[in-house]
Each structure stands twice: as structure tokens, then as C-alpha cells.
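The lines below spell out each chain.
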Amino acid sequence: MADISGPAKERLLQLMCLLENHVLAGNTGPVTSAQAEQLSGWPRDTIRKDISCLTEGASIGGNAGYEPELLIPLIKKALGLDRRRKFCVLGLGRLGSAYLNFTPPELAEFELAAGFDTNVNRVEILNSPVPLYPAYKLAEIISRFGIEIALLCVPAKEAQAAAEKCIAAGIRGILNFAPVALSVSPEVTVRNVYVTDELRSLVIKMRNEK
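Remember, predicted model here, so these are calculated numbers, not experimental data. (Residues numbered from 1 in each chain as written. Predicted model: local features only at pLDDT ≥ 70, side-chain atom pairs only at ≥ 80, totals over all residues. Heavy atoms only, no water.)

### As for the overall build of the protein
When its secondary structure is counted, the protein shows ten helices and six strands. Taken along the three principal axes of its C-alpha coordinates, the protein extends 60 × 45 × 35 Å. As displayed, the protein offers around 12,600 Å² of accessible surface, 53% of which is attributable to carbon and sulfur atoms. If the 23 positive side-chain charges of the protein are averaged to one point and the 23 negative ones to another, these points end up 4 Å apart. (Helix = DSSP H or I, 4+ residues; strand = E, 2+ residues; numbered from the N terminus. Areas by Shrake-Rupley, 256 points an atom, 1.4 Å probe, with all protein chains shown as cover. Lys, Arg positive; Asp, Glu negative; His and termini not counted. Charge placed at Lys NZ, Arg CZ, Asp CG, Glu CD.)

Encoded structure:
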């Protein structure tokens, strides 16, 4: 497999999501380059170049288009999404508890394995489809079930300490919803999801498009 650049990985990920939604909407048959261009907004030449980075890219495209059932697994393999990974939610307030029921069908490669909170009463009374634990059991549960990813939904003042405990327990990736920059080792991947920043970026883009 050819080396895939960071921007190409992002485009392939978004293309995979578009193809999955295309199939979920009941569409059948191949997706042409023109359709992929329309769905994604990227030039078809860019799409073809990205797909050519995949091991079997030449065998899944042509005048008839790309078969989603063939292309989606190839993208997943190239991006490391071809095996099931377990994740947990740390912080079961309004945001964290909302993710306890987050099981869209297109996320079959992920398994929500546990939820944690420092408030033992909250852990006991919340109605959840996944097991909930007090935060002091974090290391034990993450190690026992091989959980790799944590959704960090704690207040900003608690985020750094919570992240450090997750990493010490074996977490390799953190999706951080707390509005604070985390200081972690390079071996741990962090993605920050700040709603305020996203809203500001959206407004800036809206102004630029006028």
C-alpha cells in the first residue's frame, strides 16, 4: 500500500462516511466519480488519486464507478478501522450520559464498553445499556476489557488529571470535549471537540462564502 498523506486520509474517511450514508439511504449499484464529486465537493481527479493509494484501487474503479461494498472495506483497512475497538465515557453529566446510547449502525467497528463518574450516586441511578463504574475503578476496568479510547466529558478543571489517569490505565486515544488543551505524551492521540470554537469557525466560513 502506498503511503497516504494526512489530508488524503481525512478525505478518504469522509468519502467512506458518504458512501455508508449512500448505502443506508437504500441506494444500490456503483458510485461514479461524478457522483462522488457531487457528494463530497472534491474534484473527481482528487478522489481518483486518493483511491489509487489503496492496495486494490485499480480493481474497484472504472467507467462503471466504484462499488461501495468493495471500497468501504478497503478504506477501513487503509485507515486502521478494520477491527473492533472499545471505548469508554469518562464523566456522566448531561453530555457524557448522552453518549451512553450512542450506537449508530455505521459505527460497528467501535464498542462502548463502560462509563465512569466520580459521583457514585450518579453511577447507581443512571439507566444505561452499558456497565457504569465509579471513577476509582478506572484502571481496573480499562485494563480488564482492553479499552483503547476515552471520551473525556469532564469539567475543564478536571480534564488534565482525568486524562493522566486514563493514559496510566492504558488509554491510547482521547476525544476531549473539555474546553482546555491537554498536555500528554506524543504516544497518545488527542482530538479536541470544542463546540464554541466550531461555532466560531462556522460563522467565519459563512462570512467568507458571502
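Next, the rest of the story.
### Thoughts on the environment of Asn 21
Its place among the elements puts Asn 21 in helix H1 (residues 6-24). Note on Asn 21: relative accessible area 43%, which makes it partly exposed. Measuring from C-alpha to C-alpha, the distance between Asn 21 and Val 123 comes to 34 Å, with 102 residues separating the pair along the chain. (Buried < 20%, exposed > 50% of the residue type's maximum accessible area, 1.4 Å probe, protein only.)

### Concerning the nonpolar core
By size, the foremost hydrophobic cluster in this structure holds 23 residues, and its most contacted members are Leu 90, Phe 116, Ile 147, Leu 152 and Ile 171. At the level of elements, strand S1 (85-90), strand S2 (110-117), helix H8 (138-145), strand S4 (149-152) and helix H9 (156-169) are the ones that each hand at least two residues to this core. Per-element accounting of this core gives the leading share, five residues, to H9. The contact partners of Leu 152, leaving out residues within four places of it in the chain, are Leu 90, Ala 159, Ala 162, Ala 163, Ile 174, Leu 175, Asn 176, Phe 177, Ala 178 and Leu 182. Ranked by size, the runner-up nonpolar core spans 20 residues in total, among them Ile 4, Ile 47, Leu 71 and Leu 81. (Core = buried A, V, L, I, M, F, W, Y, C linked by side-chain atoms within 4.5 Å. Contact = heavy atoms within 4.5 Å.)

### Regarding the pattern of salt bridges
Inspection of the entire model under this criterion finds 13 salt bridges. Across the pair Asp 117 and Arg 122 runs a salt bridge, and its minimum N-O distance is 3.2 Å. Here Asp 117 falls in the buried class, since its relative accessible area comes to 5%. The shortest N-O distance in the salt bridge between Arg 144 and Glu 140 comes to 2.4 Å. Taken as a pair, Arg 144 and Glu 140 lie in helix H8 at a separation of four residues, close to a single helical turn. One salt-bridge network, held together by shared partners, links Arg 83, Arg 85, Glu 148 and Arg 172. (Salt bridge = Lys/Arg side-chain N within 4 Å of Asp/Glu carboxyl O.)

### Observations regarding a nonpolar patch on the surface
Side chains of Val 195, Leu 199, Leu 202, Val 203 and Met 206 sit close together on the surface and give an oily, nonpolar patch of about 470 Å² of accessible area. Given a relative accessible area of 56%, Val 195 falls into the exposed group. (Patch = residues over 30% accessible without salt bridge, like charges linked within 9 Å, V, L, I, M, F, W, Y side chains within 5 Å.)

### Section: the packing of H1 against helix H3 (residues 44-52)
Close contact between H1 and H3 brings their axes to 10 Å; oriented N to C, the two are set at 100°. Classified by the angle between their axes, H1 and H3 sit roughly perpendicular to one another. Of the residues in H3, those touching H1 at Ala 8, Arg 11, Leu 12 and Leu 15 are Thr 46, Ile 47, Asp 50 and Ile 51. Looking at the contact of H1 with H3, its residues break down into five nonpolar, one polar and two charged. (Axes fitted to C-alpha atoms, helices over the stretch in contact; angles between N-to-C directions. Parallel < 35°, antiparallel > 145°, perpendicular 65-115°, else oblique. Nonpolar A, V, L, I, M, F, W, Y, C, P; charged D, E, K, R; others polar.)

### Re the sheet that holds strand S6 (residues 189-192)
Taken together, the six strands give an open sheet; going across it, the order is S3-S2-S1-S4-S5-S6, and neighbouring strands pair in parallel fashion. In this open sheet, the two strands that pair with only one neighbour each are strand S3 (132-134) and S6. Here the strands of the sheet are splayed against their neighbours by 25° on average, with no regard to which way each runs. Alignment of S2 against S3, held across three bridges, turns out to be parallel. Note that in S3 the partner of Phe 116 across the bridge is Tyr 133. (Pairing = 2+ DSSP bridges.)

Keep in mind these numbers describe shape, not what the thing actually does.
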